[in-house]
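# Examination of the molecular architecture
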Amino acid sequence: MTSAAVTSASKHPVTIDGLTVIGHDGPMVQPLDAVIEPGATLAIIGESGSGKTLTAKSLVGLLPRGFRAEGTVTIDGRSIPLGSAQQAWRSARGRAVTLLLQDPFTSLSPVHRCGDQIAWTLEAAAGTRLSGAERTSQVEARLAEVKLPARVARAYPHQLSGGMRQRVAIAAALAADPALLIADEPTTALDASNQAEILDLLRAVQASRDLCVVLISHDLSLVRGRTDDVLVMRAGEVVERGTTAAVLSDPQHPYTRALLEADPARAAAHAGPSVDDRVAPLVRASGIVKRFGERLVLDEVALQIRPGEICGVVGESGSGKSTFARCIAGLETEDAGLISFEGVPLEPGRRSRTPDQMQIVFQDPYSSLNPMMTIGAILREALGVARRPKSDVSVLLELVGLPAEFASKRPAELSGGQRQRVAIARALAPEPRLLICDESVSALDVSVQAQILELLLRLRDELGIAILFISHDLAVVRLLADTVTVLWDGRVVESGDCAQVLTAPTHEYTAMLVAAAKRDTEAATQPVARED
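Residues numbered from 1 in each chain as written. Predicted model: local features only at pLDDT ≥ 70, side-chain atom pairs only at ≥ 80, totals over all residues. Heavy atoms only, no water.

## Brief notes about the sheet that holds strand E19 (residues 483-488)
Within the open sheet, the six strands sit side by side as E16-E17-E18-E13-E19-E20. Their pairing is mixed. At either margin of the open sheet sits one strand with a lone partner, and together these are strand E16 (358-361) and strand E20 (491-497). The average undirected angle you get between the axes of adjacent strands in this sheet is 15 degrees. As defined by bridge partners, strand E13 (residues 310-314) adjoins E19 across four bridges and the pair is classed as parallel. (Pairing = 2+ DSSP bridges. Helix = DSSP H or I, 4+ residues; strand = E, 2+ residues; numbered from the N terminus. Axes fitted to C-alpha atoms, helices over the stretch in contact; angles between N-to-C directions.)

Structural data, given as structure tokens:
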């Protein structure tokens with residue numbers, strides 16, 4: 001197979017004229033025009049509901065039922081009416097234009113090998129079946145182009161990491177040598193460690209092919225430096241356009257300025273030292289993989305926590321969040337990936353951790369405290385491990401808002417909130433720089449939860465301690481965390497500034513969690529009649 005076979009020969013610009021999308025209630029996207037030169041990338045940015053995804057889908061004839069498009073797109077010298085029937089679009093999709101979706105599980109068949117799926121596109125473009133040797137050669141060439149080994153052709157999508165799956169999806173999308181690639185949030189379903197890598201790969205492939213690309217994104221930090229021009233959309237209308245560098249450095253429209261101010265990267269730089277990008281991470285985890293038997297529990301999970309930062313990890317039961325916390329703490333051994341503390345890599349397992357690095361507070365304080373020991377004995381034991389004087393028991397109790405006389409009590413004599421305060425005091429004995437809270441308020445009454453959250457915030461402010469807060473409760477995380485990472489089926493689907501993610505989620509799973517939390521808000525605010 002020659003290199004020309006994987007290089008687009010088109011030198012024509014892509015021209016969009018009068019693109020309009022009409023929905024049930026009238027125009028959803030106002031007429032827009034754009035020109036994309038060969039080898040260039042046009043970014044379309046805006047909040048959820050701005051019309052950017054409708055714009056993308058209209059360019060490949062894949063609008064949802066009830067929507068129709070008007071206008072034309074000229075690709076490789078061929079003019080295509082955007083309102084064309086599906087039969088006309090079928091002849092254009094793949095050969096002229098192709099769509100890369102945000103989640104490779106959506107675009108790849110889970111029951112077919114990756115090589116077969118790339119071959120289908122190759123054969124559809126050729127109009128004939130390929131011989132075995134030619135099929136193998138071309139599939140391997142497409143995999144090599146996206147930096148994947150030939151063995152991936154024999155794998156099923158579920159056997160690959162999220163980043164590798166997206167690379168396969170890119171290979172399949174480009175197999176028919178289209179002139180235009182529409183990439184709709186192509187990294188949203190990936191963890192932070194893979195996002196930039198995938199976009200940089202797209203940029204390199206694009207340059208080698210002189211490919212025209214439309215990149216749909218909400219993430220301004222990813223758009224910067226990787227796109228040439230930008231359209232800013234709001235409520236279906238383009239409110240600003242120009243070169244990416246000019247628009248993002250000197251926005252003219254108030255909406256664009258608001259987007260830039262809301263950008264998590266910029267927000268972090270204005271949120272104080274707890275989320276200051278200039279401060280090196282205290283803990284960095286990248287590419288964390290964990291299996292229990294045949295079940296993949298963590299799939300290349302990445303996260304970083306800065307000193308004094310409260311980082312929330314949310315997701316439903318079974319999402320992998322507690323397993324991830326236990327890998328950070330060394331209570332589980334990850335199968336792959338890297339965890340570092342203050343820049344120093346940690347070996348999997350507990351032996352490489354020291355008590356003053358990190359401590360963990362579990363969900364149920366009653367089961368984590370020895371019922372046969374007094375509170376004083378429990379805390380003296382922890383102080384002994386930390387080589388602190390046993391007289392500091394009263395200091396620890398005061399730190400968590402409990403009177404010194406509690407030292408003579410046993411766990412059964414305390415309320416749930418009081419027991420959790422003791423558990424936190426014990427974790428603070430070695431003066432750790434990271435406190436891991438694994439569902440540490442979910443077993444408490446609502447009225448007590450708020451008190452423990454206030455305690456954690458006070459401890460962060462007074463001690464400068466970083467907190468990794470694991471929870472399924474978005475309302476709790478919203479009150480506490482600076483940043484949030486959303487886990488779904490062992491994968492990071494969204495992460496960033498907590499207020500931004502939980503106010504304007506970009507992934508459908510996060511949106512579902514947010515909607516469910518809103519429905520539960522009224523019930524959650526009714527306190528149960530128990531006192532701490």
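From this point, things continue past the structure.
## Thoughts on the sheet that holds strand E1 (residues 14-23)
In space, the four strands of this open sheet follow the order E2-E1-E4-E5, with antiparallel pairing throughout. The strands lining the two open edges of the sheet, one partner per strand, are strand E2 (26-36) and strand E5 (78-81). Going across the sheet, the axis of each strand differs from the next one's by a mean of 5 degrees, ignoring polarity. Sheet analysis places strand E4 (residues 68-75) next to E5, joined by four bridges and oriented antiparallel. The residue bridging isoleucine 75 from the neighbouring strand is arginine 78, located in E5.

## Overview of the packing of aromatic side chains
Summed over all chains, the structure comprises one aromatic pair. An angle of 15 degrees between the planes, with centres 5.2 Å apart, marks the rings of tryptophan 488 and tyrosine 509 as stacked. Pair noted here: tryptophan 488 is in strand E19 and tyrosine 509 is in helix H20 (residues 508-524), with a separation of 21 residues, a long-range link. Taking relative accessible area as the criterion, tyrosine 509 reaches 5% and is therefore assigned buried. When the ring centre of phenylalanine 406 is taken as origin, the NZ or CZ atom of lysine 409, which lies over that ring, is 5.5 Å away. (Phe/Tyr/Trp six-rings, centres within 6.5 Å; stacked < 30°, edge-to-face > 60°. Buried < 20%, exposed > 50% of the residue type's maximum accessible area, 1.4 Å probe, protein only. Lys NZ or Arg CZ within 6 Å of the ring centre and 35° of its normal.)

## Here we look at the side chain of lysine 290
Counting through the fold element by element, lysine 290 comes out in strand E11 (residues 283-292). Summary of buried charges: lysine 290 has no salt-bridge partner, and the nearest side chain of opposite charge, glutamate 332, is 4.1 Å away. With sequence-adjacent residues up to four places away left out, lysine 290 is seen in contact with Arg295, Leu296, Val297, Leu298, Thr323, Glu332, Thr333, Glu334 and Asp335. (Lys, Arg positive; Asp, Glu negative; His and termini not counted. Salt bridge = Lys/Arg side-chain N within 4 Å of Asp/Glu carboxyl O. Contact = heavy atoms within 4.5 Å.)

## Structural notes on the pairing of strand E7 (residues 180-184)
Taken residue by residue, a regular strand's side chains alternate between the two faces of the sheet. Burial analysis of E7 places five of its five residues in the buried class, which makes it a mostly covered element. Here E7 shows a buried face lined by Leu180, Ile182 and Asp184 and a second buried face lined by Leu181 and Ala183. Sheet analysis places strand E6 (residues 97-100) next to E7, joined by four bridges and oriented parallel. Pairing of valine 97 across the sheet is with leucine 180, part of E7.

## What to know about empty space enclosed by the protein
Under the counting rule described, the total for this entry stands at two cavities of 30 Å³ or more. When its volume is computed, the largest cavity comes out at roughly 90 Å³. Contributing to the lining of the largest cavity are Thr41, Leu181, Leu199, Leu202, Arg203, Gln206, Leu211, Val213, Leu215 and Arg226. Only helix H7 (192-209) and strand E8 (212-217) provide two or more residues apiece to the lining of the largest cavity. (1 Å grid on protein atoms, 1.4 Å probe; cavity = no way out; pocket = protein on both sides within 12 Å on 5 of 7 lines; lining within 4 Å. Points joined across faces, edges and corners; volume = space filled by probe spheres on them.)

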